[in-house]
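Summary of structural features
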Amino acid sequence: AFWEMPWLFLNPEADPKRAHGIRRYLMAAGTSLLVVFLLAVSYAQGVLALPVLIEATVIIGALIALFYALFRSGLNRHFPDPNLTMEQILLASMTLLYIMYQAERLRGVLLPVYMMPLLFGTFGLNRTRLLLSLLLVLIGYAGMVLLAAYTSPDNVDAATEVMRFVVLGIAL
């Protein structure tokens, strides 16, 4: 049927294993689009600047397109982990760190979103790579807060950020 055509383009059925992998990736991409929606609502509420919304949307869209192209072309099969789980987690985390750095007022709201990429790694990574991802996420958050404190110390409440870091560490 006509309404199935776009889905067939996004998810070819010729290879069931590849089709399953692309379906899993499209679920992750959908989560990324929910982040864009959250940012758009934040902009509409006046707590996010338009340039940050545009930059974040472009970065997220580019990453969605990049990973889709890797999966669709089959280039992902040349990596040790064909699912590119670690790569997706790290790039999503870096993007969220950038957004949280730029959107100081949203940092607390985005903290649970910051943990979401790790959920995709829970079953896709072995224990060592998962712990490495957790450590990198914690170090990334601490680094982002330290950079924010250095560049605009009046906008960073140290006690609040310490509590957020502790909560992040416990939640992870």
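Note that the coordinates shown come from a computational prediction; the quantities given were computed from them, not determined experimentally.

Structurally, Ser 133 is set in helix α6 (residues 127–151). Contacts of Ser 133, omitting those with residues within four sequence positions, involve Met 86, Ile 89, Leu 118 and Leu 125.

Pairing between side chains of opposite charge can happen when their charged atoms approach one another. A complete count under the given rule lists two salt bridges for this structure. In this structure, Glu 161 engages Arg 107 in a salt bridge whose closest nitrogen and oxygen atoms are separated by 3.1 Å. Taken as a pair, Glu 161 in helix α7 (residues 158–171) and Arg 107 in helix α5 (residues 107–121) lie far apart in primary sequence, 54 residues in all. Each member of the pair, Glu 161 as well as Arg 107, is classed as buried. Between Arg 164 and Glu 161 there is a salt bridge, and its shortest N-O distance comes to 2.8 Å. Here Arg 164 and its partner Glu 161 are both found in helix α7, three residues apart, which amounts to about one turn of the helix. For Glu 161, a relative accessible area of 6% translates into the label buried. Overlapping salt bridges bring together Arg 107, Glu 161 and Arg 164 as one network.

Our focus in this paragraph is the packing of aromatic side chains. Under the counting rule described, the total for this entry stands at two aromatic pairs. Note on Tyr 25 and Phe 71: the rings are 5.2 Å apart at their centroids and 50° apart in plane angle, and the pair reads as tilted. Separated by 46 residues along the polypeptide, Tyr 25 in helix α2 (residues 16–44) and Phe 71 in helix α3 (residues 50–73) bring together distant segments of the chain. In this structure, Tyr 25 and Phe 71 share a single accessibility class: buried. Relative to Tyr 141, the ring of Tyr 114 lies with its centre 6.2 Å away and its plane at 45°, an arrangement referred to as tilted. Placement of Tyr 114 in helix α5 and of Tyr 141 in helix α6 is noted, with a sequence separation of 27 residues between them. Here Tyr 114 falls in the buried class, since its relative accessible area comes to 0%. By relative accessible area, Tyr 141 is classed as buried at 0%.

Here we come to the environment of Ser 93. Note on placement: Ser 93 falls in helix α4 (residues 85–102). The spatial distance from the C-alpha of Ser 93 to the C-alpha of Arg 164 is 16 Å, given a sequence separation of 71 residues. What Ser 93 contacts, discounting residues up to four positions off in sequence, is Tyr 114, Pro 117 and Val 137.

It is the contact of α5 with α7, at a shortest axis distance of 11 Å, that shows an interaxial angle of 20°. Between α5 and α7, the crossing angle belongs to the class labelled roughly parallel. By crossing handedness, the relation of α5 to α7 is classed as right-handed. Judged by residue contacts, Arg 107, Gly 108, Leu 111, Tyr 114 and Met 115 of α5 engage Glu 161, Arg 164, Leu 168 and Ala 171 from α7. Tallied by class, the residues present in the contact of α5 with α7 amount to five nonpolar, one polar and three charged.

A cluster of nonpolar side chains, Tyr 43, Leu 50, Ile 54 and Val 58, forms an exposed patch at the surface whose accessible area comes to about 360 Å². With three residues, the top contributor of residues to the nonpolar patch is α3. With respect to the helices, strands and loops of the structure, Leu 50 is situated in helix α3. On the accessibility criterion, Leu 50 (37% relative accessible area) is partly exposed.

Rules used throughout
- Residues numbered from 1 in each chain as written.
- Predicted model: local features only at pLDDT ≥ 70, side-chain atom pairs only at ≥ 80, totals over all residues.
- Heavy atoms only, no water.
- Helix = DSSP H or I, 4+ residues; strand = E, 2+ residues; numbered from the N terminus.
- Contact = heavy atoms within 4.5 Å.
- Salt bridge = Lys/Arg side-chain N within 4 Å of Asp/Glu carboxyl O.
- Buried < 20%, exposed > 50% of the residue type's maximum accessible area, 1.4 Å probe, protein only.
- Phe/Tyr/Trp six-rings, centres within 6.5 Å; stacked < 30°, edge-to-face > 60°.
- Axes fitted to C-alpha atoms, helices over the stretch in contact; angles between N-to-C directions.
- Parallel < 35°, antiparallel > 145°, perpendicular 65-115°, else oblique.
- Left-handed = near helix turned anticlockwise from the far one by under 90°.
- Nonpolar A, V, L, I, M, F, W, Y, C, P; charged D, E, K, R; others polar.
- Patch = residues over 30% accessible without salt bridge, like charges linked within 9 Å, V, L, I, M, F, W, Y side chains within 5 Å.
- Areas by Shrake-Rupley, 256 points an atom, 1.4 Å probe, with all protein chains shown as cover.

Any functional reading would require information that these geometric values do not contain.
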